[in-house]
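The lines below spell out each chain.
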Amino acid sequence: MLTGQGSEDVAVAAMKVGASDYVIKDTISAVGLHRAINNAVDKTKLQQKFDSQQEEQELFLRTLLHDARAPLRHISTFSELLDADVKAGDHSNIVEYCSDLKIETKRIQGLLDTLAAYAFSESDVTFEPICMADVLQSVTANLSLRIAERQAVVRHDSLPSVRGHGPQLIQLLQNLVGNGIKYCDADQPVIEITASASDDNRHHVFKVQDNGIGIPTDRLAYVFQPFKRLWSQDVYEGTGLGLAICQKIVKRHGGRIWCESQTGQGSEFFFTLEDADIAEDSKLLVS
Ligand code: ADP
């Protein structure tokens, strides 16, 4: 706030209703004004970060409470049944109940792992040249069981090197390829990963295409929001965090992610990453 009517009372009143600083015209200087503006911008940015973190934490707690409840209820039911059967000397269902207990425990474990990946994914990491063909190799190794189960085909072009953080890029591609296999009702899921140069020639545009169930056109932005899903757990299991994690990772790498799809027509997920060599060149120019 800038005023010629300075008094301490006015300053206090202004701060109370949201002014972040108070500059009196008589004592104004370029340096002072600069400092006041910079302070205000920094303060607002911090406040925004704090607000969005709080919102995220709230969402987290709500999901945890909601999604953990069902498996916990099942665990409680199965252990009661187990208890009753053992007391009655009936051992016929023990194996089945134990297997159900294991499945439900695994569901909670999976939920906690995904929540942790989203909440604590590192932000202060060093970027380096990363070969995306190597990233894809790790992804197919990590998904080998699921790929074998569905007899999925994962095809790719020659993939370039980008500037990034290896483990996060593996997570990014793994979530997209994993979804391509999961959300597919064809006999054989086919996932194709290709790359092309972006218009500015500094980035690569990667495309992960599948032959799956597709996404309604009006839901394409919705699915990137945390915890937003189009199907119930009984149809396709998940937490609704996979694409939100992808978005977080791509944003952190200074790129963009989006999807093109229609119900029943497969999906194409695109993301951009900076070319490794160009990034190195501009670092040299700057230094
Ligand atoms: P999750 O798979 O755990 O539900 P995601 O954040 O990865 O969470 O995806 C959000 C939603 O977007 C999914 O629940 C699904 O409805 C939809 N979706 C994601 N990927 C695909 C895909 N390749 N094909 C069809 N639908 C998809």
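Worth saying up front: this structure is predicted, and the values here are computed from it rather than measured.

Rules used throughout
- Residues numbered from 1 in each chain as written.
- Predicted model: local features only at pLDDT ≥ 70, side-chain atom pairs only at ≥ 80, totals over all residues.
- Heavy atoms only, no water.
- Near = heavy atom within 4 Å.
- Polar contact = N/O pair within 3.5 Å; in protein donor to acceptor, adjacent residues only side chain to side chain.
- Areas by Shrake-Rupley, 256 points an atom, 1.4 Å probe, with all protein chains shown as cover.
- Nonpolar A, V, L, I, M, F, W, Y, C, P; charged D, E, K, R; others polar.
- Core = buried A, V, L, I, M, F, W, Y, C linked by side-chain atoms within 4.5 Å.
- Buried < 20%, exposed > 50% of the residue type's maximum accessible area, 1.4 Å probe, protein only.
- Contact = heavy atoms within 4.5 Å.
- Pairing = 2+ DSSP bridges.
- Helix = DSSP H or I, 4+ residues; strand = E, 2+ residues; numbered from the N terminus.
- Axes fitted to C-alpha atoms, helices over the stretch in contact; angles between N-to-C directions.
- Patch = residues over 30% accessible without salt bridge, like charges linked within 9 Å, V, L, I, M, F, W, Y side chains within 5 Å.
- Salt bridge = Lys/Arg side-chain N within 4 Å of Asp/Glu carboxyl O.
- Phe/Tyr/Trp six-rings, centres within 6.5 Å; stacked < 30°, edge-to-face > 60°.
- Lys NZ or Arg CZ within 6 Å of the ring centre and 35° of its normal.
- Left-handed = near helix turned anticlockwise from the far one by under 90°.

## Let's talk about the site of the ligand
No. 1: Surrounding the ligand, one finds 21 residues, the nearest of these being N179, Y183, R229, T239 and L243.
No. 2: Here R229 contributes a side-chain N or O atom positioned 2.5 Å from an oxygen atom of the ligand.
No. 3: Within the contact set of the ligand, an oxygen atom lies 2.8 Å away from a backbone nitrogen or oxygen of T239.
No. 4: Relative to its unbound accessible area of 530 Å², the ligand is 98% covered by the protein chains.
No. 5: Residue classes in the shell around the ligand are distributed as 9 nonpolar, 8 polar and 4 charged.

## Some remarks on the nonpolar core
No. 1: Within the largest apolar cluster, 42 residues are counted, with the highest numbers of intra-cluster contacts made by M132, L172, V177, V208 and F271.
No. 2: Excluding residues within four positions of it along the chain, M132 makes contact with L159, P160, S161, V162, L169, F206, F271 and L273.

## Examining the sheet that holds strand β9 (residues 267-274)
No. 1: Pairing within the open sheet is mixed, and its 5 strands lie in the order β4-β6-β7-β9-β8. Each edge of the open sheet carries a strand with a single partner, namely β4 (153-156) and β8 (257-261). With strand direction ignored, the average angle separating the axes of adjacent strands in the sheet is 20 degrees.
No. 2: Sheet analysis places β4 next to strand β6 (residues 190-197), joined by 4 bridges and oriented parallel. Looking at the pairing, H156 lines up with I193 of β6.

## Remarks on a nonpolar patch on the surface
No. 1: On the surface, a cluster of nonpolar side chains totalling about 300 Å² of accessible area is made up of I28, L33, I37 and V41.
No. 2: Here I28 is to be found in the loop between β2 (23-24) and α2 (30-88).
No. 3: A relative accessible area of 36% places I28 in the partly exposed class.

## Details of the packing of aromatic side chains
No. 1: Inspection of the entire model under this criterion finds 6 aromatic pairs.
No. 2: Taking 5.1 Å as the distance between ring centres and 15 degrees as the angle between the ring planes, the aromatic pair formed by F206 and F271 counts as stacked. Taken together, the residues F206 in strand β7 (residues 203-210) and F271 in strand β9 connect sequence positions 65 residues apart.
No. 3: Through a chain of ring-to-ring contacts, the aromatic side chains of Y183, W231 and Y236 assemble into a single cluster.
No. 4: Directly above the ring of W258 sits R256, whose terminal nitrogen or CZ lies 4.2 Å from the centroid.

## Regarding the packing of helix α6 (residues 166-182) against helix α7 (residues 242-252)
No. 1: Between α6 and α7, the shortest axis-to-axis distance is 9 Å and the interhelical angle comes to 145 degrees. α7 is crossed by α6, and the crossing has left-handed handedness. Between α6 and α7, the contacting residues are Q168, Q171, L172, N175, L176 and N179 on the first element and G242, L243, I245, C246, I249, V250 and R252 on the second.
No. 2: Partitioned by chemical class, the residues of the contact of α6 with α7 number 7 nonpolar, 5 polar and 1 charged.

## Looking at the pattern of salt bridges
No. 1: Across all of its chains, the model carries 6 salt bridges by this definition.
No. 2: Close ionic contact of R202 with E274 constitutes a salt bridge, the shortest N to O distance being 3.1 Å. You can see R202 sitting in the loop between β6 and β7 and its partner E274 sitting in strand β9, a full 72 residues away along the chain.
No. 3: In the salt-bridge network here, residues are joined through shared partners; they are R163, R202 and E274.

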